[in-house]
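# A structural walkthrough
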Amino acid sequence: MPPPRSPLSRLFTVLLAGLLAGLALAAAALPANLLLGYAATSAVGSYAALPEALRTPTTPQRSYLYANDGKTLITTFYDVNRTDVPLADIAPVMREAIVAAEDRRFYSHGGTDLRGIARALVANVTGGGTEQGGSTLTMQYVRNVLKTDPNRTAEERAAATEQTVGRKLQEIRYATALEQRLSKDEILNRYLNIAYFGSGAYGIAAASQRYFAKSPAELTLPEAALLAGLVQSPDAYSPIDGDADAALARRAYVLDAMAATGRITAAQATAAQAEKVTLRPTQQPNGCTAVADGHDDWGFFCDYLRQWWLTQPAFGETVAEREQALRRGGYTVVTSLDPKLQQTAQEQATAVYGYDDKRALPIAAVQPGTGRVLAMAVNRHYGLDANPDGQTNHPNTVNPLISGGGGVDGYQAGSTFKLFTMLAALENGKQLATGFDAPSRLPTRYAAEGEASCGGKWCPANANPQWMDGYRTMWDGFGRSVNTYFVWLSEQVGPAKVVEMAQRLGITFRAEADAAFARDNAANWGSFTLGVAATTPLDLANAYATVAAEGTYCTPLPVVSVTAADGDKVDVGEPSCRRVLDADVARAATDAARCPVGQQTTYGQCDGGTATAVDTIVGRPVAGKTGSSEGAATETFVGFTPQVAVAGIAANPDDPGDAVGSAVQAKVITAVARTIRAAVDGQPVRDFTPPSRELAGEVHRPAPQPTPTPSPQETLPPDVLRWLNRARG
């Protein structure tokens, strides 16, 4: 950088410009130019006094969300569409074009080009042609930073563009101070990363993508000249939203300027001017409703991630600060979404119910040992498009049907909750071999009236007495889903411990009635073991994933890594896990959970199951449980291997009273099983660790009786189930 010119030399330049304009113009322009000269000289050595945004840029940048491969773009979030790139990643012709277009003397002045200012003053006072500003690239950079700095007030940002002498003086002081510390290339890089190029594109990276669908390193001479010409009047010149002819005229000006400065030859300029503009406009997605074309099902996962983000203190002290960080912080987020598994889950969900069906099959897949959410599918389009009259939630919705929250309490998952009873019993000294002669109906200690009452006490019943009644252990009681066995087992350990176990494994009571019962009356919630509380596929899958991970609970996690704009990793991508069960207890429950899916336990105690097709579909060690709610209002299946847990619940999200019917249970089982198979495809076959003999216990089983054909229907008799539903309220 050449040494700064003396104040006398600068003043001479100003006076000369005034003389050239005539005596009257000199008289009008002299005071302002004297002030400008003073401002430039007074700026020297004041770098430390610059606003923080100029010393350490905090310009807003777009955040990117990728699938777990780190390459598949899900969507982006931004208030301002921009991404910083280093100067080395910007084509040399682009750098040369912007200098020729906006500041030909950029490499020879010290931040303030007094010749240019004088020329602009003369032009503006005489009124000849377009008004000129005389601002250098450095001065323009200062203005852009101050008007977009998120840490300044709206009034301060507005003041950065006021047409006043005071604002111009400040701009000159700041520009000169920057030139004392930063190299020309650093200033040029910062300018190219913040300049507005029209059509919503801030910075050269966004502009290259917006107009030509390419990176700034790939720009050709005609493309670079076009973009460089836009910054003078971005909205007016934009060939997408503004005047395409004006954009071409401005491109010709830039090419002529590049030739005049020797950056290109006159022949190159002529050839480039003759080249037709070939635009490839691309619109960067913004938010969860703008996910990649053909993948609007990803929106439900995206929304779950955003809700998770807003709870993370690493991104700000308040929800508003965290939202701003997502939209302005320039983060690169590698999520846990597995695109291939998501596609399979979506295909399975829509194979059971179409997009326009009022009933839904939300499916969630979770990785045991990390809690990472691998897929979230449902037969709905994630979007704000209007639905036909009378169709509240289909085919379009942004409600969290898979994860819950935002007014979605979830769905009853029936006998899948028997797992929590079994775990509580095992933890409290019971063995898998614990036997009970399960009757068709079981009088309990819980008060009841009406049809569900036996002498004033609640009497749950088995749905298929011929197949379910008789001497049962945890193994075949779980395999055949024997209601009276598990209600009895719950009484042995106390329903409060069963409720606490479910909560320990991540079951959240979003329905107010459920939360109140759990808080105030858990000791008398005998029906809890039959799955009368609402839950979601994500909560259920993660609870079963805890058992698959041998008792290690991990908070559901939608990310693999989060990297800030400066390249530093944010400490939010690592799993948050803790042991909530003794490993042997979890292994014992897993052993019993082999029975429902048609496999055999370590000790050979499985004797019938409600989802035996799963064994054939998955083709490797697997466990799981079916569940039905009152009148088959919902049908559920959750299954797991050591590598994945998947849950699906068929329900009508808008009308819990609209029963999906027991016939759909087989389809739900198949959908979940095929999703499990896809999740483990290509992974090593892993078996479950057997439980200890101590926890298994000694089996003392009466001589086996003839076994009738199992019934897939697990619901209680209608009179009992109607009472249960009323009791929940």
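Residues numbered from 1 in each chain as written. Predicted model: local features only at pLDDT ≥ 70, side-chain atom pairs only at ≥ 80, totals over all residues. Heavy atoms only, no water.

## Regarding the side chain of Ser63
Rules: Secondary structure elements are defined from DSSP: runs of H or I of at least 4 residues count as helices, runs of E of at least 2 residues count as strands, and each element is numbered from the N terminus. Only protein chains enter the accessibility calculation, which uses a 1.4 Å probe. A residue is then buried if its area is under 20% of the maximum for its type, exposed if over 50%, and partly exposed in between. The term polar contact refers here to a pair of N or O atoms within 3.5 Å; inside protein, the definition further demands a hydrogen-donor-capable atom paired with an acceptor-capable atom, and it admits residues adjacent in sequence only when both atoms are side-chain atoms.
Tracing the chain through its elements places Ser63 in strand E1 (residues 63–66). Using a relative accessible area of 0% as the deciding quantity, one classes Ser63 as buried. In this structure the side chain of Ser63 is engaged in a polar contact, spanning 3.0 Å, whose partner is the backbone nitrogen of Tyr331.

## A look at the sheet that holds strand E3 (residues 332–335)
Here is the rule we go by: By the convention used here, strands pair only if DSSP detects at least 2 bridges between them. Helix axes are fitted only over the stretch in contact, all axes being lines through C-alpha atoms; the angle between N-to-C directions runs from 0 to 180 degrees. The contact criterion used is simple: two residues touch if any of their non-hydrogen atoms lie within 4.5 Å.
Ordered by their spatial adjacency, four strands build an open sheet running E2-E1-E3-E15, and the pairing between neighbours is mixed. In this open sheet, the two strands that pair with only one neighbour each are strand E2 (73–77) and strand E15 (559–563). Each strand axis lies, on average, 15 degrees off the axis of its neighbour in the sheet, ignoring direction. Here E1 pairs with E3 via three bridges, running parallel. Following the sheet pairing, Tyr66 is matched in E3 by Val334. Helix-sheet contacts for helix H15 (residues 298–309) involve E1, E2, E3 and E15, and the interaxial angle to E2 is about 45 degrees.

## Thoughts on helix H6 (residues 137–148)
Rules: Working rule for helices: expected span equals 1.5 Å times residues minus one.
For H6, spanning twelve residues, the distance from its first C-alpha to its last is 16 Å, which sits close to the expected 16 Å at 1.5 Å a residue. Along H6, ten of the twelve residues are buried, which leaves the element largely enclosed by surrounding structure. Within H6, burial applies to Leu137, Thr138, Met139, Gln140, Tyr141, Val142, Asn144, Val145, Leu146 and Thr148.

## Focus on the side chain of Thr138
Position of Thr138 among the secondary structure elements: in helix H6. For Thr138, a relative accessible area of 0% puts it in the buried group. If we skip the residues at most four places from it in the chain, Thr138 touches Phe106, His109, Gly111, Ala175, Leu178, Glu179 and Ile187.

## A few points about the packing of helix H18 (residues 418–427) against helix H22 (residues 495–504)
Counted only if it meets this: An angle counts as roughly parallel when it lies under 35 degrees, as roughly antiparallel when it exceeds 145, as roughly perpendicular when it falls between 65 and 115, and as oblique in every other case. Under the scheme applied here, ten amino acids are nonpolar (Ala, Val, Leu, Ile, Met, Phe, Trp, Tyr, Cys and Pro), four are charged (Asp, Glu, Lys and Arg), and all others, including Gly, are polar.
Taken N-terminus to C-terminus, the directions of H18 and H22 make an angle of 110 degrees; their axes are 8 Å apart at the nearest point. Here H18 lies roughly perpendicular to H22, going by the angle between them. Contacts between H18 and H22 involve Phe420, Thr421, Leu423, Ala424 and Glu427 on the former and, on the latter, Lys497, Val498, Met501, Ala502 and Arg504. Considering only residue class, the contact of H18 with H22 consists of six nonpolar, one polar and three charged.

## Some points on helix H23 (residues 512–520)
Our working rule: The arc in question is traced by the directions running from the helix axis to the C-beta atoms.
Regarding H23, the residues found buried are Asp514, Phe517 and Ala518. Relative to the axis of H23, the buried residues are bounded by an arc of 95 degrees and lie together on one face. Along H23, exposed side chains directed more than 90 degrees from the buried face belong to Glu512, Arg519 and Asp520.

## Some thoughts on the sheet that holds strand E4 (residues 363–366)
Read from one edge of the open sheet, five strands run E5-E4-E19-E18-E17, paired in antiparallel fashion. Looking at which strands have only one partner, the edges of the open sheet turn out to be strand E5 (373–377) and strand E17 (623–628). Taking the axes of each pair of neighbouring strands and ignoring which way they run, one obtains an average angle of 5 degrees across the sheet. With four bridges connecting them, E4 and strand E19 (residues 645–650) associate as antiparallel partners. Directly across from Val366, in E19, lies its bridge partner Ala645.

## With respect to the packing of aromatic side chains
Counted only if it meets this: Classification of ring pairs uses Phe, Tyr and Trp, with its six-membered ring standing for Trp, and accepts pairs whose centres are within 6.5 Å; under 30 degrees between planes counts as stacked, over 60 as edge-to-face, and the remaining range as tilted. Consider the ring centre and the ring normal. A charge sits over the ring if Lys NZ or Arg CZ is within 6 Å of that centre and within 35 degrees of that normal.
For the structure on display, the rule yields 22 aromatic pairs. Residues Phe106 and Tyr107 carry aromatic rings whose centres are separated by 4.9 Å and whose planes lie at 75 degrees to one another, so their mutual orientation is edge-to-face. Put simply, the rings of Phe417, Phe420, Phe509, Phe517, Trp525 and Phe528 pair up and form one aromatic cluster. The side chain of Lys184 reaches across the aromatic face of Phe106, ending 4.5 Å from its centre. Against the face of Phe478 rests Lys625, its NZ or CZ located 5.6 Å from the ring centre.

## Some words on the state of the cysteines
Quick note on the threshold: When two cysteine sulfur atoms are found within 2.5 Å, that pair is recorded as a disulfide.
One pass over the full model with this rule turns up four disulfides. The disulfide partner of Cys454 is Cys459, and the S-S distance across this bridge is 2.0 Å. For Cys454, a relative accessible area of 29% gives the class partly exposed. Note that Cys595 is cross-linked by a disulfide to Cys606, the S-S spacing being 2.1 Å. An S-S torsion of about -85 degrees defines the bridge between Cys595 and Cys606 as left-handed. Taken together, the residues span a long stretch of sequence, with Cys595 in the loop between helix H25 (583–593) and helix H26 (613–618) and Cys606 in the loop between H25 and H26 at a distance of eleven residues. Considered together, Cys595 and Cys606 belong to a single accessibility category, that of buried residues. In the protein chain, numbering the disulfide-bonded cysteines from first to last in sequence yields the connectivity 1-2, 3-4, 5-6, 7-8.

## Here's the deal with the pairing of E1
Residues Ser63 and Leu65 of E1 are buried on one face, and the alternating residues Tyr64 and Tyr66, pointing to the opposite face, are buried as well. Here E1 folds back onto E2, and the loop between the two strands holds six residues, one of which, Gly70, carries a positive phi near 75 degrees.

## Comments concerning the nonpolar core
As a reminder, the rule being used: Definition of nonpolar core: a set of buried residues of the types Ala, Val, Leu, Ile, Met, Phe, Trp, Tyr and Cys, connected through side-chain atoms within 4.5 Å.
Membership of the largest hydrophobic core comes to 112 residues, with the highest contact counts inside it found for Phe420 and Met422. Residues in contact with Phe420, not counting those within four places in the same chain, are Val498, Met501, Ala502, Leu505, Ile507 and Ala543.

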